[in-house]
Every structure is written in structure tokens, then in C-alpha cells.
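# Geometric and topological summary
Residue strings, one per chain:
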Amino acid sequence: MSLFKTRDWWSTPVGEAEEFDHGCLCVANIDNEVNGYDKIILGSYHGILRIYNPQPQKTENGWSGYSAEDVILEQAFQQPILQVEAGRFSSGSDNLVLAILFPRRLGVYSISAVAGTVQHGSQYKCEVLYEHTLQRTAYKLCSGPFGGVKGKDFICLQSMDGTLSIFEQESFAFSRFLPGALLPGPIKYVPRLDSFVTVSSSWQVECYKYQVLAVASDSARKEESQNIRTGKRVTFDWCFNIGEQAQDIAVITFPQAPPSILILGERNIFCLTETGNLRYMKKLEYDPSCFLPYASLTEGTINYLVATHTKSLLIYQDVTIRWAAKTEYTPVQLQVANFRDLNGCIVTVSDAGHLSCVYLGTDPAIFVPPQVDSRELNYSKMDAEMSVLQQKIREKGGKSVITPNRNNEEDLQVNVHVGPNLDDISAATGMEIPGEASVPSITVRIQLKSRLLIENVKVDICAPWPLATNQNEFNVPSVEPKMPSELFVAVFQRGSSLVAHLFVQISVQYQNASGTRRISTVKAALPASLVMKAVPPVKTAVHKLTVDTNKPPVNLNDIFPELLGENAGGQGAALGFQMFGGPVVTVLASKTSQRYRLQCDRIEAMWIPLQELIKRLNKHFNRGKNGDFRASFDGSLPMQEYFELIDMHFECRLGVSSCAEMLNQRAAQFRVIQRRLLTRFKDKTPSPLQNLDTLLEGTFRQILALGEAVEESKMSQAVAANNLSSATYLLNLLIRLWLNLSNEEFAVLETTISPVVSDSAEQGWQEMTDAAVTHLLRTVLAKSAKDAAVNPSPLILPADTTKVKKHIALLCDRLGKGARLVEGMADMKERVIKMPGSKVIEEDRDGDGEIETNVVVPRYREKMHKKKKGGHTLNDLSSFGMPMSDQPSAGMANVKDQKKKKHIESLVPDLENMTLDNVNGSETCNTINGNSGKKDDVDPAFAL
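Computed from a predicted structure; not experimentally measured. (Residues numbered from 1 in each chain as written. Predicted model: local features only at pLDDT ≥ 70, side-chain atom pairs only at ≥ 80, totals over all residues. Heavy atoms only, no water.)

### Describing the overall build of the chain
Scanning the chain from terminus to terminus reveals 12 helices and 46 strands. Considering only contacts in the chain between residues 6 or more positions apart, those separated by 24 or more positions represent 62%. Carbon and sulfur atoms form 51% of the exposed surface of the chain, whose accessible area is close to 47600 Å². (Helix = DSSP H or I, 4+ residues; strand = E, 2+ residues; numbered from the N terminus. Contact = heavy atoms within 4.5 Å. Areas by Shrake-Rupley, 256 points an atom, 1.4 Å probe, with all protein chains shown as cover.)

Now the structure itself:
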């Protein structure tokens, strides 16, 4: 921000609701007056031409400003005025005339003064000299002595399609179509080179010789050249890539400055030599609106003005800023003019028509400070005052803090309340759960309390998929003291997937009284009845988990009163819960022992019921202050099933990557075919398309199909991520029950094997978990110094999941042998790690010192060997649909995926290079259900 402002010499608003842009302003001695003073020529998009001759009078209060006599001409045209330019465009006179560019017409006019016979003075008139009707919509023009003709100016007109039309005053010369022109850009004429400089749509500065354009004739007669649709390619003399869109070009022809070309970009100013070499570049920290070079008094330097969208006017000498001043508006064009009472005046105009003449400078200081009465200094009083001030500084300094003081009395308090009962009328909308007519919802009440008046409070509700809310954000205008604001939002399950955790996050953004932006975050716990319902228990299941307790079994009807359903009034020894759109989980209470069993066909679905069971048992037995309830797990960890979920999620990641890569290839191929077709259409000699139109249509259909495949693959990955997250929560809870971990150790375990499965294009869950587990194995779980010297692997997409599975198995093995996750704790008693089937853990090291663990599972290894033997191809990718674990039938899913693959292949018939068989992909995202129960004999204590 500048301390100075531009000083107004003369200003006036132009018209009412008129629009102006770059090119509408010009300054010149357009009436060819003898004194040579400039006039301001202004044309608007409303077709009104105005010419001003500012003549403010010096008064005691400053300059008098605008008067009605300053307007010497005002004339309305029928078309919008795109640009005004002054030059010697008439063959019969050497005087300056005015060229006005309209969308479909180019007119040249003479401005002359007629002496008056009365006291009103002279009057000005605008007479047309000649006009050219344009065949194409005009964009911009430039002028100069093309071809080295002295004393005359010709006009080069640029059309919207990139065509350059040359007009030698009253006659039309020729038209040329610049190669590769898609959108027009700024264009200027370089007199020393007799060339045109423009910036193409490919963001590169191109220089074309006038003689090259003139001799490249592409039509039999000159009259036909304005009707061209395709032109003979002309080559540029040189080009320079600036990498951004150019706003304006200026050619430096001042005597003191070196011949240069200035280009104003969106974020940079480039200075090039006339041969296309970079002299210097100035990076801007703001958005420029326009610029204007002017003559410099220093030899070998270039001065230029830059106007910004922050209403600033900056003066540069080469790359050094020399002055900065604030303006009242954002200029769209700048000019420097010489008037009767002021030379070097800066003329600016805004897009709304605010025209002003300003100059740079400061007002002299008129305030004279009064003379201070001399007095004798009392040093004793000064010492006493200094002591008091130092005491206050010490008191304040002891209480100062760098970080914000988070005391209990916050400016805004956020209270969240979740009702104990579900909504009587469900507010669920947009459900995607097959087989479910309706799902319940629950209302969350959000209360905002404030000590002070707080305005513009934004509340965001984040519900993890497949949960959803009826409203994601609220904008509260104000929260007044002692008048809390309450918001209500309904939460329900929308997607067809397992819910990984039962909470929603509420974030509140506000600005406190000191002006600091603050964010408060609160989590609201949801009831389990929101995502599962009561069903009859199932006798048989694939997976079984048994939890031991130190208390006698309780009636399940007492701890699950809201999830009884048809089981109400029963013995309370068995309950069945079904996830919405998912499997049935059966909870059994032993009749003779202190154990509980959960069984289900999918291991990851038992996470929420097991968590609810332990939480409710804790609440039931630990009602007093001295509760000693404890649960434990002595069964086998479901490592094989957990590893299969890791493989499924990883294969879905590969599927998304393969589909995205295929989509990029097809998009690149589509652009190549488009360019070839465009070349054929531009060719003057018709040639056969050679089935390029068929290839274009087929590629377009494949792009649409692959776009749908990418969306379906991402949905498959989201489902696999939720399954893996639920299984990770379950595994961490079983390890805690198995080893009786403390809260601190369990926090380390959840940080290492994180249940938050978030995948990005750079990093995924597998590589992040592998790095975290490897760090633990190198530090607190290291057996020797050799283990601590292992180098961590880079966080890149691995080739497979072998390492992360080996490291997780090794982590569980070392924890089972008594290692602790937190240093300083006594080692635990060694526990025997139980693996399903014949699984053996063998530690080994490779040549790089990497920890290797051979997890030998005969049946699992045989399955993986069969997968690798088949190879990874895109034809096997089932990410076109949902994972098979979420489909009614795996066989039907295979048939559906094969049909979709054949459909994509059939979009381009008889074109071998368009098939999907030549591109590598990944395997089908199969969900292989293991068996942690493994044909165990049915315990009579858990009989239904």
C-alpha cells in the first residue's frame, strides 16, 4: 500500500452506464492545431465518440476541474467502438486523422475546427474520409509505415479468427491467416524490423515479417482474399514462449532506450530484444490491468507505468520500482499527454467511464509545529515515572503468551446433543442401499453460546461416507450474548457399505472480538441403532470371535434394549444384528461360562457390534467407582482375513489408477485425431478422411465409458476402504484385549496401524502404514542395533502388499513375545500368538538390511500364486463394478464386468489399436472370505 495518491488535475465521469476497455482511449493533436497540444479521444462500447480538450483554471483552492467547454466533439454511431487510433491514414493529406474500428466496419474520419462568427467560439466537425466493410468480426488494429513507406501510415486489422488484413489507406492490400491461430491476441508493429509482433493462443510471442506476409499470396485476385477460410501457412521470423496469456504489447522506440519489446502478462512483465532474446523479466505480486512505457532520462533504461487491480499506479525503471501511488479506481488504459498548462500528464480511464488527468507528487506540509516552551528537567520525577513504567512492563511481560490463551471462558461455546431415540419419521433421502425401503435417522442438536456478539458464524457438518446429513453447512448471521442459537441436522446412512465409525464432526468457524479467526471442532457420537437393525440370530457363520470376561454373563436383552426387535421377551442369550445393506452378526452369551461369542460371514462386519458389546458391558458392571470389569481375547487373530482385505483395497487402488491412465491415453488420442481432422478440413485440396471420423466417434464413446468406469472404480475403492477401516478397528481392539494394552500403548498402536484409510494420488494407506510399522520395528520393538539400522522405504506406490503384511505380522509376533509399545514400561509376559491354520513366522533379512518376515500359509500362498500366475491385465479388472464382497453373486459380477469390457471394446469396430487388451492393468478386486473359525466344533455353551 502506498503512502501517496495521484493528484487530480482534471476529471469527469463519461456517459451513464457505458462500458470501456483497452483500446477505447487515444491522445493526439487530432485537430492538427498549430500549438500541438493533445486532445483526449474516447470511444465507448455504446458507440459514442467524445473528444476532450481539458483547460482547467488555476484557482486559490486548486484547479477548477471539468467544465462543459472542455467537450469539443460528441457523436453517436450505430455500432460499438472497439478501438480508436490516430495517424496519417489519408493519401491526400499529411494531417493526423482518426481511425475508428467497429465490429464489421473500419472508418477513417477527419476532425476539423470551424471558426465561429459569434461569441460561442469555434465548432468541431467529424467528416468521413473513407470506410472499409469487413467480412470478419474485428478484434484489434495497429498502424505504422508498413513496407518502409515514410510519411504515411497503413492499418493492420486482426480478426477474431486470427486473420490479418492490411489496408493501405483507401485501398485493401491483402489478408493472411496466421498458422495455428485459435484466439486473437495483442499485436503491434515494429518499425525497425518492418514486422508484426503478436502473442498466439499457445502463449508464445511470434514475429512475422511484413514482406513474408505480402508475398505469400493465397488467392487469384485481391478481391477474393478477404473471403478466405484457409490460408497458406506463413512462418514466423522468431518466437519466444512466455508461458502465460499476454494482456498488452508495447514497442520501445525512444532515443535514450535500447530497442525492445515489452509484454505485459498475467503475472510477469517480459522485455525482449527485437531479435526475440530475453533482456529481463519482472515477476509481479499483484494482478496488473494495463501498462504504458514512456521516455526515460537515463541512458539505456526503460520507464513504464503499471496499473493494478488493487487501485495502484506503479512506476518502474527496468525491474526497479521508483514510485507508487493510489488511484480512485482501476484503470483499463493509460496514456501520457501534453496539455497547455501541464506536460507529461497521465490520462486514465476506468471500465465504467471515469476519465481523469492526474500527475504524481505530494502536497507540501502546511502545518508548522508551535515552538515548545523551554522548561527545566526534573530528573527525580523522571526516575520515579520510569520505575512505575518498568514495573508495569514486568507485570505484563510475565502474563504474555505467544499462542492464543485457551481458557475455559471461550468466546463461543459449541454444545452438541444427540437424542437417545431415533426420529419417529425418518429424514433419510437419496438412499443407495439395495433391499432397504427406508433407513432410520437421528437428529443432532447443535447449540452455540457466546459471551459477546459474534457475527458471520459458519457451521460445517462432516459425516463420513456412507453416512450423510440433510444439510452439510449452516450460516448463522449472528450469535448474541445470553441468546444461544440452536441448529438441527438429521444424520442417516445413505450408501451401501459398512460404517467404519459412529461419529460426525462439527466444525464452527468464527471471528472473535480481537479479530482472530478461530475454529472449534466437536465430535458427536451416534447410536449403533442408526446403522444396524434387530433380526433373528443365525446359527451358522464363517467367522467366530470369543471374548472372555471376569464377570458372570448378563442378559443381552438388558444391555441392548433398543435392538431387540423380534427377540424381545426371549431368554437374552442370543441376539442378531444386521447392518443396513450388509451381513447378519449374531451375539451369543454363554450359559455356563463367562464368555461371549460373535459370529458373522464377514470378519470386518463384527467391529461395531463388538465395540458396542464391550462398551455396554463396561457401563453395566462399572456403575460404581470401584468397577473391576475386564474383557480379554485368547482366540486367534484374523490375520489371514485382514490381509485379504488389504489386498482387495490395494487392487482397487490399482484399478482406479489403471482406468485413469487409460482415460488419459484415450483423451490424448482424441486430441490427436481432432488435430488431424482439423488439418484435413483446412487443406485447400480435398482429401479423403481415411476413417478418421469413425475413429473419432469410437474414441469419444470409449472416453465416456472409461469415465463411468473411473467413477465406479472410485466407488469400489471407497467400499474397500470402509471394509479395511472396519477390519483395522477390529484388529486393534482384539490386540488390546489380547495383550491388555494401556491407553498410551493403544494410542501408539492406532497411530501405527491407522484405521483412517485415506488415499490420495501421491500416498495411500499401504505405504503409510508400512512406514509407521517399520519405524516401530526400528525403534521400540528393535531386538538389536542391526534392526535399528534398517533404512525406511520411500512413500511411493508399492508393487504389491507383501512387505506391509510381513511387517504387520512381525509387529504382532513381537508384541506377543512381551515387547512394549512405549519405552520405560515393564515387558509383558510372553503370549503365544495364534494364527489360523498352519502359519509360521520366520524372520530373515535381505541384502539391503530390510526386515523380512516369511508368513507361511499354505492355502493363502497357493491362492496368491494362482493370482500371480495369471498376470495383471486390465481385462481382469473388476473395478468397473463394485467389489464382489458387496455383490449378491461373485459369478454374476464377473459376467457383468466381462460384458462391460466387451461393450467398451465394441465402441470402435474393426480397429485393433483401440482395444483395451494392449494396456496393463490390475486384477479383479475379489474379496476372499477366510475362515477364522475353521470348522471348530460348536460349543454347546453357545447353542441357540
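What follows continues from the structure just given.
### Details of unusual backbone geometry
Glycine aside, the phi torsion of most residues is negative, and most peptide linkages are trans. Here W465 and P466 are connected by a cis peptide whose omega angle stands at 15 degrees. Counting through the fold element by element, P466 comes out in the loop between β33 (454-462) and β34 (467-469). Positive phi, normally seen in glycine, also occurs at Q169, with a value near 60 degrees. Examined against the element boundaries, Q169 turns out to sit in the loop between β14 (163-168) and β15 (171-177).

### Some points on the sheet that holds strand β42 (residues 584-589)
Within the open sheet, the 6 strands sit side by side as β39-β41-β42-β43-β40-β44. Their pairing is antiparallel. With partners counted over all chains shown, the strands left at the sheet margins are β39 (532-535) and β44 (631-632), one partner each. Packed onto the sheet, helix α4 (residues 607-621) meets β39, β40 (543-549), β41 (574-579), β42 and β43 (595-600) and runs at close to 160 degrees relative to β43. (Pairing = 2+ DSSP bridges. Axes fitted to C-alpha atoms, helices over the stretch in contact; angles between N-to-C directions.)

### Overview of the nonpolar core
Core analysis: the largest hydrophobic core is formed by 102 residues, its most contacted members being I446, L448, V457, V459 and Y642. Not counting residues within four places of it along the chain, the set of residues in contact with I446 comprises V414, N415, V459, I461, S485, E486, L487, V489 and I506. Formed by 19 residues, the second largest nonpolar core is a distinct cluster that contains W10, F20, Y52 and L342. (Core = buried A, V, L, I, M, F, W, Y, C linked by side-chain atoms within 4.5 Å. Buried < 20%, exposed > 50% of the residue type's maximum accessible area, 1.4 Å probe, protein only.)

### Focus on the pairing of strand β10 (residues 105-114)
Within β10, 7 of the 10 residues are buried, which leaves it mostly tucked inside the rest of the structure. Bridge count between strand β9 (residues 97-101) and β10: 4 bridges; the pairing is antiparallel. In the sheet register, I100 faces β10, and the bridge partner there is G107. The antiparallel pairing of β9 with β10 creates a hairpin that spans 3 residues between the two strands. Relative to strand β11 (residues 123-133), β10 runs antiparallel, the two sharing 10 bridges. Residue pairing across strands places G107 opposite E131, the latter belonging to β11.

### Focus: the packing of aromatic side chains
Summed over all chains, the structure comprises 21 aromatic pairs. Arranged with centres 5.5 Å apart and planes meeting at 55 degrees, the rings of Y189 and F196 form a pair that is tilted. Note that K140 overlies the ring of Y139, its terminal NZ or CZ placed 5.4 Å from the centroid. (Phe/Tyr/Trp six-rings, centres within 6.5 Å; stacked < 30°, edge-to-face > 60°. Lys NZ or Arg CZ within 6 Å of the ring centre and 35° of its normal.)

### As for the sheet that holds strand β26 (residues 312-317)
Pairing within the open sheet is antiparallel, and its 4 strands lie in the order β24-β25-β26-β27. The strands lining the two open edges of the sheet, one partner per strand, are β24 (288-294) and β27 (320-326). Taken over all neighbouring pairs, the strand axes of this sheet differ in orientation by 20 degrees on average, direction set aside. Two strands pair when backbone bridges link them, and strand β25 (residues 303-308) and β26 are joined in this way by 5 bridges, in the antiparallel orientation. Bridging across to β26, Y304 finds its partner in Y316.

### Remarks on empty space enclosed by the protein
In total, this model carries 7 cavities of 30 Å³ or more according to the counting rule given. Lining the largest cavity we find 14 residues, and of these L178, A181, L183, V199 and S200 sit closest to its centre. Tallied by class, the residues present in the lining of the largest cavity amount to 6 nonpolar, 7 polar and 1 charged. (1 Å grid on protein atoms, 1.4 Å probe; cavity = no way out; pocket = protein on both sides within 12 Å on 5 of 7 lines; lining within 4 Å. Points joined across faces, edges and corners; volume = space filled by probe spheres on them. Nonpolar A, V, L, I, M, F, W, Y, C, P; charged D, E, K, R; others polar.)

### Some words on the layout of surface pockets
Taken as a whole, the largest pocket encloses approximately 1400 Å³ of empty space. Every residue lining the largest pocket is counted, 43 residues in all, and those nearest its centre are V27, E85, K188, L292 and Q335. Sorting the residues of the lining of the largest pocket by element identifies β2 (25-28), β8 (83-87), β12 (138-144), β16 (187-190), β20 (246-252), β24 and β28 (331-337) as the ones contributing at least two each. For the lining of the largest pocket, the residue count by class is 26 nonpolar, 10 polar and 7 charged. Estimated volume of the second largest pocket: approximately 740 Å³. Forming the walls of the second largest pocket are 26 residues, and the residues nearest its centre are P527, E562, E612, K615 and R616. For the lining of the second largest pocket, the elements supplying multiple residues, two or more each, are α3 (556-559) and α4.

### A word on the pairing of β12
When you tally the buried positions in β12, you get 5 out of 7 residues, the bulk of the element. In this structure, β12 lies alongside strand β13 (residues 154-159), joined through 6 bridges in antiparallel fashion. What sits directly across from C142, in β13, is C156.

### Comments concerning the packing of α4 against helix α6 (residues 692-739)
Remark: α4 packs on α6, axes separated minimally by 9 Å, with the N-to-C direction vectors making an angle of 40 degrees. With respect to α6, the axis of α4 lies oblique. When the axes of α4 and α6 are compared, the crossing they make is left-handed. Only S726, Y729, L730, L733, L734 and L737 of α6 make contact with α4, whose side of the interface consists of W607, L610, Q611 and I614. Here the residues of the contact of α4 with α6 sort into 8 nonpolar, 2 polar and no charged. (Parallel < 35°, antiparallel > 145°, perpendicular 65-115°, else oblique. Left-handed = near helix turned anticlockwise from the far one by under 90°.)

### Some remarks on the confidence of the model for the chain
Taken over all residues, the pLDDT of the chain has a mean of 81, while the share at 70 or more is 80%. The low-confidence segment residues 219-228 (pLDDT under 50) makes 21 contacts with residues lying over four places distant or belonging to another chain. Scored below 50 in pLDDT, residues 835-895 makes 149 contacts in the model with residues more than four places away or belonging to other chains. (pLDDT = per-residue confidence, 0-100.)

### Things to note about a nonpolar patch on the surface
The grouping of L377, Y379 and M382 at the surface amounts to a nonpolar patch, some 350 Å² of accessible area in total. By secondary structure assignment, the location of M382 is in helix α2 (residues 379-399). (Patch = residues over 30% accessible without salt bridge, like charges linked within 9 Å, V, L, I, M, F, W, Y side chains within 5 Å. Salt bridge = Lys/Arg side-chain N within 4 Å of Asp/Glu carboxyl O.)

### Concerning α6
Here α6 spans 67 Å end to end across 48 residues, near enough to the 70 Å set by a 1.5 Å rise per residue. Directly after α6, the chain includes N740, whose backbone phi takes a positive value near 55 degrees. (Expected span 1.5 Å × (residues − 1).)

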